[in-house]
Amino acid sequence: MSHVQRIALLSSPAEEAQVALAALELRHGRCTPEEADVLVALGGDGFMLQTLHRYGGLGKPVYGMKLGTVGFLMNQYHADDDLPARILAAEPAILHPLQMIAHTESGASVTSLAYNEVSLLRQTRQTANICIELNGEVRLGELVCDGVMLATPAGSTAYNFSAHGPILPLGANVMALTPIAPFRPRRWRGAVLKSGAEVRFRVIDPHKRPVSATADSHEVRDVTEVLVRESREHCVTLLFDPEHNLEERILIEQFTV
């Protein structure tokens, strides 16, 4: 960024974040996201995702500061720092979300975006039976599992990594397809796909074995089919301090034992 004139300060409901918000508003004033040059999100990764979903369409860069439990997508919070100077020195990371189109047993079609991952999960004690198609071709006729997910590089260190999926480098133009507690085929551990791939999940016997689909925090129940692909029409810009940018954080995660 070449200049910062107007900063919109946004905060999670957490007490620590609210205290920081009040202190920063005294120094920088108040500005709406629509009027701002940059958005500053105070909270954790959950609040950052909420901010991206709510304001991503404005096309404004977002600089996050960690005042929550998890802060992989956030910078460190320092009360006495020159915030405009930190923002000017920050490095951008452009993220493209996944677009989920979920069809339900009732005949509804729901479209949603995911900056971390799209996940399908069993709704009852019965395992989920899911057929996986890649670019119109069946690649796995039946996956018996608790669920399956498709994750972006930015989201690969979150739920995907907990499910033993790979950590993906930013800018590699790939996605992680990762099973959740697979029962059959037991040895299948997922796949790394090109970002332009179109993945279709078909639920086998959805009445007996109901499945839900979730794009980040937006859940759709009783799905029969879910189409997921990267959305090139949507993008957001996150800003990170140079000494600890998002690419460096992903490398740190890859070499952490």
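For the structure itself, consult the block above.
Keep in mind that this is a model prediction, so the values were computed, not measured.

A. Quick look at the pattern of salt bridges. Taken as a whole, this structure holds 15 salt bridges when the rule is applied. Measuring nitrogen to oxygen at the nearest pair gives 3.6 Å for the salt bridge that ties Glu137 to Arg139. A salt bridge links Glu198 to Arg229; the nearest nitrogen and oxygen atoms lie 2.8 Å apart. Within this pair, whereas Glu198 is found in strand S13 (residues 198-203), its partner Arg229 is found in strand S16 (residues 223-230), the two being separated by 31 residues in sequence. Bridged by salt links that share partners, the residues Glu133, Glu198, Arg200, Arg202, Glu225 and Arg229 form one connected network.

B. Molecular detail of the pairing of strand S10 (residues 147-151). With respect to burial, S10 is a largely interior element, five of its five residues being buried. Along S10, one buried face is formed by Gly147, Met149 and Ala151 and the opposite face, lined by Val148 and Leu150, is buried too. Across five bridges, strand S7 (residues 117-122) lies against S10 in antiparallel orientation. Bridge pairing links Glu117 to Ala151 in S10. In the sheet, S10 pairs with strand S11 (residues 174-180) via five bridges, with the strands oriented antiparallel. Each residue of the ladder has a partner; that of Met149, found in S11, is Thr178.

C. Region of the structure containing the pairing of strand S14 (residues 211-215). Of all five residues in S14, five are buried, a share of seventy percent or more. Of the two faces of S14, the one holding Val211, Ala213 and Ala215 and the one holding Ser212 and Thr214 are both buried throughout. Where S7 lies against S14, five bridges are found, and the strand directions are antiparallel. Looking at the pairing, Leu120 lines up with Ala213 of S14. Pairing geometry for S14 and strand S15 (residues 218-220), over three bridges, is antiparallel. Paired with Ala213 across the strands is Val220, a residue of S15. The antiparallel hairpin formed by S14 and S15 contains two residues in its connecting segment, where Asp216 sits at a positive phi of about 55°.

D. Highlighting the sheet that holds strand S3 (residues 62-66). With respect to topology, five strands assemble into an open sheet ordered S1-S2-S3-S17-S4, the strand pairing being mixed. Of all the strands in the sheet, just strand S1 (7-11) and strand S4 (91-95) have a single pairing partner and so form its edges. With strand direction ignored, the average angle separating the axes of adjacent strands in the sheet is 30°. In this structure, S1 lies alongside strand S2 (residues 38-43), joined through five bridges in parallel fashion. Looking at S2, one finds that Leu10 is bridged to Ala41. The sheet strands contacting helix H1 (residues 15-28) are S1, S2 and S3, and the helix crosses S1 at an angle near 160°.

The rules behind these values
- Residues numbered from 1 in each chain as written.
- Predicted model: local features only at pLDDT ≥ 70, side-chain atom pairs only at ≥ 80, totals over all residues.
- Heavy atoms only, no water.
- Salt bridge = Lys/Arg side-chain N within 4 Å of Asp/Glu carboxyl O.
- Helix = DSSP H or I, 4+ residues; strand = E, 2+ residues; numbered from the N terminus.
- Buried < 20%, exposed > 50% of the residue type's maximum accessible area, 1.4 Å probe, protein only.
- Pairing = 2+ DSSP bridges.
- Axes fitted to C-alpha atoms, helices over the stretch in contact; angles between N-to-C directions.
- Contact = heavy atoms within 4.5 Å.

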